[in-house]
Amino acid sequence: MPPSGYNVIQFAGVDTFLRRCWDALVDEANQKGESIRQVLTREVKDIERYRPVSPGKSATAVLDLTHAFYSNVLEVGSEPTQEDVDEAISKVSKEVLAVHIPPT
């Protein structure tokens, strides 16, 4: 991380990662004949269940990021749309780009 915090270019990889997670979640819902909301709710619970036994700090960090994103999408209260996904990613982006650790 640069001393000034994260930037948009660095976040681009995170954006792509979250969108690919979303695509996989939608594919799973379609394959199982379930609503996206059902699969999303299950994924959030599975992350919460698995996190304590995660194989390391990096895995836990990725789980936390994915959980935050999915939780943001769940806040819409209905079957999520692409617009809801975009808004959830935007929220994660704003939070990440707000990181500015002052030098000591």
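Up top is the structure these notes are about.
In this report, the structure presented in the accompanying data block is examined. (Residues numbered from 1 in each chain as written. Predicted model: local features only at pLDDT ≥ 70, side-chain atom pairs only at ≥ 80, totals over all residues. Heavy atoms only, no water.)

1. Things to note about the overall build of the protein
A tally of helices and strands in the protein yields four helices and zero strands. Reading the protein from its N terminus to its C terminus gives the helix and strand order α-α-α-α. Dimensions of the protein, computed from the C-alpha atoms along their principal axes, are close to 50 × 35 × 20 Å. A fraction of 58% describes how many contacts in the protein between residues 6 or more apart in sequence connect residues 24 or more apart. Summed over all atoms, the accessible surface of the protein reaches about 6,600 Å², with 57% contributed by carbon and sulfur. Where the 11 positive side-chain charges of the protein centre and where its 16 negative ones centre are 6 Å apart. (Helix = DSSP H or I, 4+ residues; strand = E, 2+ residues; numbered from the N terminus. Contact = heavy atoms within 4.5 Å. Areas by Shrake-Rupley, 256 points an atom, 1.4 Å probe, with all protein chains shown as cover. Lys, Arg positive; Asp, Glu negative; His and termini not counted. Charge placed at Lys NZ, Arg CZ, Asp CG, Glu CD.)

2. Describing the packing of aromatic side chains
Throughout the structure, instances matching the rule amount to two aromatic pairs. Seen from their ring centres, Phe-69 and Tyr-70 are 5.5 Å apart, and the 40° between their planes marks the pair as tilted. Accessibility assignment for this pair places Phe-69 and Tyr-70 in one class, buried. Members of the aromatic cluster, joined through ring pairs, are Trp-22, Phe-69 and Tyr-70. (Phe/Tyr/Trp six-rings, centres within 6.5 Å; stacked < 30°, edge-to-face > 60°. Buried < 20%, exposed > 50% of the residue type's maximum accessible area, 1.4 Å probe, protein only.)

3. Structural notes on the pattern of salt bridges
The full count for this structure, using the stated rule, is eight salt bridges. The residue Asp-15 makes a salt bridge to Arg-19 at a minimum N-O spacing of 2.9 Å. One end of the pair, Asp-15, and the other, Arg-19, are both in helix α1 (residues 8–32), four residues apart, so they sit about a helical turn from each other. Notably, a salt bridge pairs Asp-64 with Arg-51, separated by 2.6 Å at the nearest N-O pair. Of this pair, Asp-64 sits in helix α3 (residues 57–74) while Arg-51 sits in the loop between α2 (36–50) and α3, and the two are 13 residues apart along the sequence. (Salt bridge = Lys/Arg side-chain N within 4 Å of Asp/Glu carboxyl O.)

4. Digging into the nonpolar core
Counting 21 residues, the largest nonpolar core has Trp-22, Leu-25, Leu-40, Phe-69 and Tyr-70 as the members making the most contacts within it. Elements supplying a minimum of two residues to this core: α1, α2, α3 and α4 (82–97). In terms of residue count, the dominant contributor to this core is α1 (seven residues). Setting aside chain neighbours within four positions, we find Trp-22 in contact with Ile-36, Leu-40, Phe-69, Tyr-70, Val-73, Pro-80, Gln-82 and Val-85. (Core = buried A, V, L, I, M, F, W, Y, C linked by side-chain atoms within 4.5 Å.)

5. What to know about the packing of α1 against α3
α3 packs onto α1 with a crossing angle of 65° between their chain directions and a minimal axis gap of 11 Å. In terms of axis orientation, α1 runs roughly perpendicular to α3. Here α1 and α3 pass one another in a crossing that is right-handed. In this structure, α1 contributes Val-14, Phe-17, Leu-18, Cys-21, Trp-22 and Leu-25 to the contact, and α3 contributes Val-62, Leu-65, Thr-66, Phe-69, Tyr-70 and Val-73. Each residue belonging to the contact of α1 with α3 can be placed in one class, and the counts come to 11 nonpolar, one polar and no charged. (Axes fitted to C-alpha atoms, helices over the stretch in contact; angles between N-to-C directions. Parallel < 35°, antiparallel > 145°, perpendicular 65-115°, else oblique. Left-handed = near helix turned anticlockwise from the far one by under 90°. Nonpolar A, V, L, I, M, F, W, Y, C, P; charged D, E, K, R; others polar.)

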